[in-house]
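# Chain and residue survey
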Amino acid sequence: MKLSITNLTKTYKNGVKAIDNLNLEIGTGMFGLLGPNGAGKSTLMRTIATLQSPDSGSIQFGEINVLKDKMALRKVLGYLPQSFGVYPKMSAEALLDYFATLKGVKSKTDRETLVKEVLEITNLYEVRKKEVAGYSGGMKQRFGIAQLLLNNPKLIIVDEPTAGLDPAERHRFLNVLREVGTNCSVIFSTHIVDDVKELCNEMAILNGGRILQHTTPTEATEAIKGKIWTRIIERDELESMEATFNVLSSNYNQDNTLNIRVYADEQPAPEFRTVAPQLDDVYFIALKSDTEVTA
Ligand code: ADP
Ligand code: MG
């Protein structure tokens, strides 16, 4: 099912325009919403999840007019907010059984089947008897997914789920999300480019409440092929390089020199050699040109 967002705008009471006339169409599969802190990711997600109202605009999910028929959307929605509250001292299994009861699954055997299924999908079956309060960050995030799966949602929204996870937990979490995403639309926000690279078939870059680019990871890197250049410089040369070239990023080498990556249609100077573009380059180009336009 398709999610269409049209001319969406949200201004908070303090005057911050968090969403600025945003238009976006999202199909099925894994959709990555990539943007820095303050870009408007959480605001957009809360608005789609019907937890807050925009000033203007419309949101359509399949047949559902989201802003008019909030209950209809909530029935097919699974939403995992950026920060999750405190969990009671209950095992994952007992807590999920309780949530399933709240959702109206009356038969005990139906609940057992359902709870077992979501525990298995999220790789928590082995630790089902442990208290969720004692889970690691990554396990809590996977529990959040288990919980929203009880609904059998058609649309899943997860807000920065990998923030603060260690590499192994992050990897495990992304695998779970990948599996879940084969059956429905998943919108996933992050400020980590690698999350999008590993997971998403489609992506949008959000900044200042606007979509800077709506693309696919492959298409986006393909489009800048032959335009990313690199060279090694001394660390005190960085400032002059930045003044002369469109420097996207710089990374320290062990000997205190820097590798810089520059965006240019043609070889900027003889010392530069061309390298394969990465999704980071795409992200930095989009953000840099946006800052230059709005500055
Ligand atoms: P992100 O999730 O991408 O970090 P947010 O949607 O949280 O972005 O925030 C977008 C902008 O709106 C930021 O400038 C933020 O400070 C502001 N903002 C978010 N929530 C509120 C709020 N409840 N009241 C006022 N300003 C807010
Ligand atoms: Mg956020």
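For the structure itself, look to the data block above.
These notes cover the structure that comes with them. Small disclaimer: the values here were computed from a predicted structure and weren't measured.

## Observations regarding the site of ligand 1
- Near ligand 1 there are 13 residues, and of these Gly-38, Gly-40, Lys-41, Ser-42 and Thr-43 occur at the shortest range.
- Taking Gly-40, its main chain carries an N or O atom lying 3.0 Å from an oxygen atom of ligand 1.
- Between ligand 1 and the protein, one listed contact pairs an oxygen atom with a side-chain N or O atom of Thr-43 at 2.5 Å.
- Out of a free accessible area of 560 Å², ligand 1 has 64% covered by protein chains.
- No other element matches helix α1 (residues 41-48), which puts 4 residues into the shell around ligand 1.
- Of the residues assigned to the shell around ligand 1, the class counts are 5 nonpolar, 6 polar and 2 charged.

## Some details on the packing of helix α3 (residues 92-102) against helix α4 (residues 108-121)
- Relative orientation of the contacting elements α3 and α4 amounts to 125°, with a least axis distance of 10 Å. Taken together, the axis directions place α3 and α4 in an arrangement best described as oblique. Between α3 and α4 the crossing geometry is right-handed. Contacts between α3 and α4 involve Ala-92, Glu-93, Leu-96, Asp-97, Ala-100 and Thr-101 from the former and Arg-111, Leu-114, Val-115, Val-118 and Leu-119 from the latter.
- Its residues assigned to classes, the contact of α3 with α4 comprises 7 nonpolar, 1 polar and 3 charged.

## Remarks on the coordination of the magnesium ion (ligand 2)
- Taken together, Ser-42 (OG) and Gln-82 (OE1) make up the full set of protein donors to the magnesium ion (ligand 2), lying 2.0 to 2.3 Å away. Of this pair, Ser-42 sits in helix α1 while Gln-82 sits in the loop between β6 (77-80) and α3; the two residues are 40 residues apart in sequence, bridging distant segments of the chain.
- Its relative accessible area of 15% is what places Ser-42 among the buried residues.
- By relative accessible area, which is 42% here, Gln-82 ends up partly exposed.

## Some points on the environment of Leu-174
- Along the chain, Leu-174 turns up in helix α6 (residues 167-180).
- C-alpha of Leu-174 to C-alpha of Leu-67: the two residues are 107 residues apart in sequence and 30 Å apart in space.

## Some thoughts on the sheet that holds strand β2 (residues 17-26)
- One open sheet accounts for 4 strands, arranged β2-β1-β4-β5; its pairing is antiparallel. Strands with a single pairing partner mark the edges of an open sheet, and in this sheet they are β2 and β5 (64-65).
- Where strand β1 (residues 3-11) lies against strand β4 (residues 56-61), 5 bridges are found, and the strand directions are antiparallel. Across the sheet, Thr-6 pairs through a bridge with Ser-58, a residue of β4.
- Those strands touched by α1 are β1, β2 and β4, and its axis lies near 120° from that of β1.

## Focus: α6
- Here α6 contains 14 residues, and its C-alpha end-to-end distance of 20 Å stays within 8% of the 20 Å for a straight helix at 1.5 Å per residue.
- Of the surrounding secondary structure, the elements contacted by the buried residues of α6 are β3 (29-34), α4, α5 (137-149), β7 (155-159), β8 (185-190) and α7 (193-199).
- You can read the cap of α6 off the contacts: a side-chain oxygen lies 3.1 Å from the backbone nitrogen of Ala-168, and it is on Asp-166.

## A look at the nonpolar core
- Ranked by size, the top nonpolar core spans 51 residues in total, and within it Phe-143, Ile-145, Leu-177 and Phe-188 carry the most contacts.
- For this core, the domains that each give at least three residues are domain 1 (3-214) and domain 2 (222-294).
- Excluding its chain neighbours within four sequence positions, the residues that come into contact with Ile-145 are Leu-80, Thr-122, Val-158, Phe-173, Val-176, Leu-177 and Val-180.
- Grouped together as the second largest cluster of nonpolar side chains are 28 residues, Ile-5, Leu-33, Ala-49 and Tyr-79 included.

## Some details on the sheet that holds strand β14 (residues 273-274)
- Taken in spatial order, the 4 strands line up as β12-β13-β11-β14 in an open sheet, and their pairing is antiparallel. The open sheet is flanked by β12 (247-252) and β14, the only strands paired with a single partner.
- Bridge count between strand β11 (residues 228-234) and strand β13 (residues 257-263): 7 bridges; the pairing is antiparallel. Paired with Arg-231 across the bridge in β13 is Ile-260.

The rules behind the values
- Residues numbered from 1 in each chain as written.
- Chains lettered and ligands numbered in written order.
- Predicted model: local features only at pLDDT ≥ 70, side-chain atom pairs only at ≥ 80, totals over all residues.
- Heavy atoms only, no water.
- Near = heavy atom within 4 Å.
- Polar contact = N/O pair within 3.5 Å; in protein donor to acceptor, adjacent residues only side chain to side chain.
- Areas by Shrake-Rupley, 256 points an atom, 1.4 Å probe, with all protein chains shown as cover.
- Helix = DSSP H or I, 4+ residues; strand = E, 2+ residues; numbered from the N terminus.
- Nonpolar A, V, L, I, M, F, W, Y, C, P; charged D, E, K, R; others polar.
- Axes fitted to C-alpha atoms, helices over the stretch in contact; angles between N-to-C directions.
- Parallel < 35°, antiparallel > 145°, perpendicular 65-115°, else oblique.
- Left-handed = near helix turned anticlockwise from the far one by under 90°.
- Contact = heavy atoms within 4.5 Å.
- Donors = N, O, S within 2.8 Å, 3.2 Å for Na, K, Ca; no water.
- Buried < 20%, exposed > 50% of the residue type's maximum accessible area, 1.4 Å probe, protein only.
- Pairing = 2+ DSSP bridges.
- Expected span 1.5 Å × (residues − 1).
- Core = buried A, V, L, I, M, F, W, Y, C linked by side-chain atoms within 4.5 Å.
- Domains from an automatic or database assignment.

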